[in-house]
Amino acid sequence: FDYEGLKEDSDEALQQYLQQLSSVDPRRYNRSEQFAYWVNLYNALTVKLISDNYPVDSIKELGNNSLGLGPWDDELITIAGKPLTLNNIEHSILRPIWRDYRIHFAVNCASIGCPNLQAEAFTADNHQQLLDLAAQEYLTHRRGLQFAAGKLYLSSIFDWYKDDFGDSKIERFDRLSQHLPEVLAKQLKGYDGDIKYRYDWQLNTD
């Protein structure tokens, strides 16, 4: 992502967008519209955080703490009279209400290891298509899934939130396989070795 370019040319537009989102009550929308609203809000807040503090090497350097835990528990915006953090949006709204594992491919944490930030905003009409696209893009890239020297390497997302992807390794592999080419899906379903988890917190800047 070109955070430097955003800071120079479009930061005011992003701020106006966030002000627009904060001026409405998402509870007035239907379920699909609410989903798109919360994903867009999460991603816009994350991009604004980086833009406001750019240059920075990692999002984990930010936040009101001295432990390098990042900004996820900082109150960043007020929606319908309630101050919210990024963790509130992801773990108190998106995950428990929608219970869709593809949420982890939609929200972006401004790091190389995370799924892509989609080129267009989520809407009620396109959100299912974008969720599937985001899952496919991530799982067919080595950041998400890779076989190397007979070992399976997965993003740490699938370890941190493994219960969101299924109750067993078989169920998780079945779900991930839905977004893979046939040959790779077959390889994943047949894999019975150890899993190596990894994640790169370096900033996803160009």
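Note: the structure precedes this text.
The present account deals with the structure reproduced in this document. (Residues numbered from 1 in each chain as written. Predicted model: local features only at pLDDT ≥ 70, side-chain atom pairs only at ≥ 80, totals over all residues. Heavy atoms only, no water.)

## Points about the overall build of the chain
Then step 1. Within the chain, the regular secondary structure consists of eight helices and five strands.
Then step 2. When the helices and strands of the chain are listed from N to C terminus, the series reads α-α-β-β-α-α-α-β-β-α-α-α-β.
Then step 3. At 18 Å, the chain has a C-alpha radius of gyration in line with the 17 Å of a compact globule built from 206 residues.
Then step 4. Of all 206 residues assigned to the chain, the portion counted as buried reaches 47%.
Then step 5. Put simply, of all contacts in the chain between residues at least 6 apart along the chain, 64% involve residues at least 24 apart.
Then step 6. Here the chain has roughly 11,000 Å² of accessible surface; of this, 44% comes from carbon and sulfur atoms.
Then step 7. Once the 21 positive and 31 negative side-chain charges of the chain are each reduced to a mean point, those two points are 8 Å apart. (Helix = DSSP H or I, 4+ residues; strand = E, 2+ residues; numbered from the N terminus. Rg over C-alpha atoms; globule rule 2.2 N^0.38 Å. Buried < 20%, exposed > 50% of the residue type's maximum accessible area, 1.4 Å probe, protein only. Contact = heavy atoms within 4.5 Å. Areas by Shrake-Rupley, 256 points an atom, 1.4 Å probe, with all protein chains shown as cover. Lys, Arg positive; Asp, Glu negative; His and termini not counted. Charge placed at Lys NZ, Arg CZ, Asp CG, Glu CD.)

## With respect to the environment of Val 107
Then step 1. Relative to the helices and strands, Val 107 resides in the loop between α4 (103-106) and α5 (127-139).
Then step 2. Residue class for Val 107 comes out buried when judged on its relative accessible area of 8%.
Then step 3. Linking Val 107 and Leu 117, residues 10 residues apart in sequence, is a C-alpha distance of 7.6 Å.
Then step 4. Residue contacts for Val 107: discarding those within four places in its chain leaves Tyr 42, Asn 43, Glu 90 and Leu 94.

## Focus on the layout of surface pockets
Then step 1. Roughly 310 Å³ of internal volume is contained in the largest pocket.
Then step 2. Put simply, the parts of the chain that give the lining of the largest pocket at least two residues each are α1 (3-22) and α2 (31-53).
Then step 3. Tallying contributions element by element places α2 first for the lining of the largest pocket, with four residues.
Then step 4. Looking at the lining of the largest pocket residue by residue, the classes come out as 10 nonpolar, three polar and one charged. (1 Å grid on protein atoms, 1.4 Å probe; cavity = no way out; pocket = protein on both sides within 12 Å on 5 of 7 lines; lining within 4 Å. Points joined across faces, edges and corners; volume = space filled by probe spheres on them. Nonpolar A, V, L, I, M, F, W, Y, C, P; charged D, E, K, R; others polar.)

## Looking at the nonpolar core
The tendency in soluble globular proteins is for nonpolar side chains to be buried as a group.
Then step 1. Ranked by internal contacts, the top residues of the largest apolar core, which has 60 residues, are Trp 38, Leu 41, Ile 50, Leu 94 and Phe 105.
Then step 2. Ranked by residues supplied to this core, first place goes to α2 with 12 residues. (Core = buried A, V, L, I, M, F, W, Y, C linked by side-chain atoms within 4.5 Å.)

## Thoughts on the sheet that holds strand β5 (residues 195-198)
Then step 1. Pairing is mixed across the open sheet formed by three strands, whose spatial order is β3-β4-β5. Both edges of this open sheet fall to β3 (145-148) and β5, since each of them pairs with a single strand only. This sheet shows a mean twist of 25° between the axes of neighbouring strands, independent of strand direction.
Then step 2. In the sheet, strand β4 (residues 151-155) pairs with β5 via four bridges, with the strands oriented parallel. Pairing of Ser 155 across the sheet is with Arg 198, part of β5. (Pairing = 2+ DSSP bridges. Axes fitted to C-alpha atoms, helices over the stretch in contact; angles between N-to-C directions.)

## Observations concerning unusual backbone geometry
Glycine aside, the phi torsion of most residues is negative, and most peptide linkages are trans.
Then step 1. The step from Tyr 54 to Pro 55 runs through a cis peptide bond, and the omega angle for that step is 5°.
Then step 2. Topologically, Pro 55 is positioned in the loop between α2 and β1 (77-79).
Then step 3. The backbone phi angle of Ala 110 is positive, close to 60°, even though this residue is not glycine.
Then step 4. One can find Ala 110 in the loop between α4 and α5.

## Section: the packing of aromatic side chains
Then step 1. Enumeration over the complete set of coordinates arrives at 16 aromatic pairs.
Then step 2. Aromatic side chains Phe 1 and Tyr 3 sit 4.7 Å apart centroid to centroid with 45° between the ring planes, which places their arrangement in the tilted category.
Then step 3. Owing to a relative accessible area of 36%, Phe 1 belongs among the partly exposed residues under this scheme.
Then step 4. Tyr 3 gets classed as buried once you look at its relative accessible area, which sits at 1%.
Then step 5. Here Tyr 138 and Phe 158 contribute two aromatic rings whose centre-to-centre distance is 6.4 Å and whose plane-to-plane angle is 45°, an arrangement assigned as tilted. Of this pair, Tyr 138 sits in helix α5 while Phe 158 sits in helix α6 (residues 157-160), and the two are 20 residues apart along the sequence.
Then step 6. The buried category is assigned to Phe 158, whose relative accessible area is 4%.
Then step 7. Through pairs of rings, three or more aromatic residues link up here, namely Tyr 101, Phe 105, Tyr 138, Phe 158 and Phe 165. (Phe/Tyr/Trp six-rings, centres within 6.5 Å; stacked < 30°, edge-to-face > 60°.)

Note that every value here comes from positions in space, so none of it alone points to a role or purpose.
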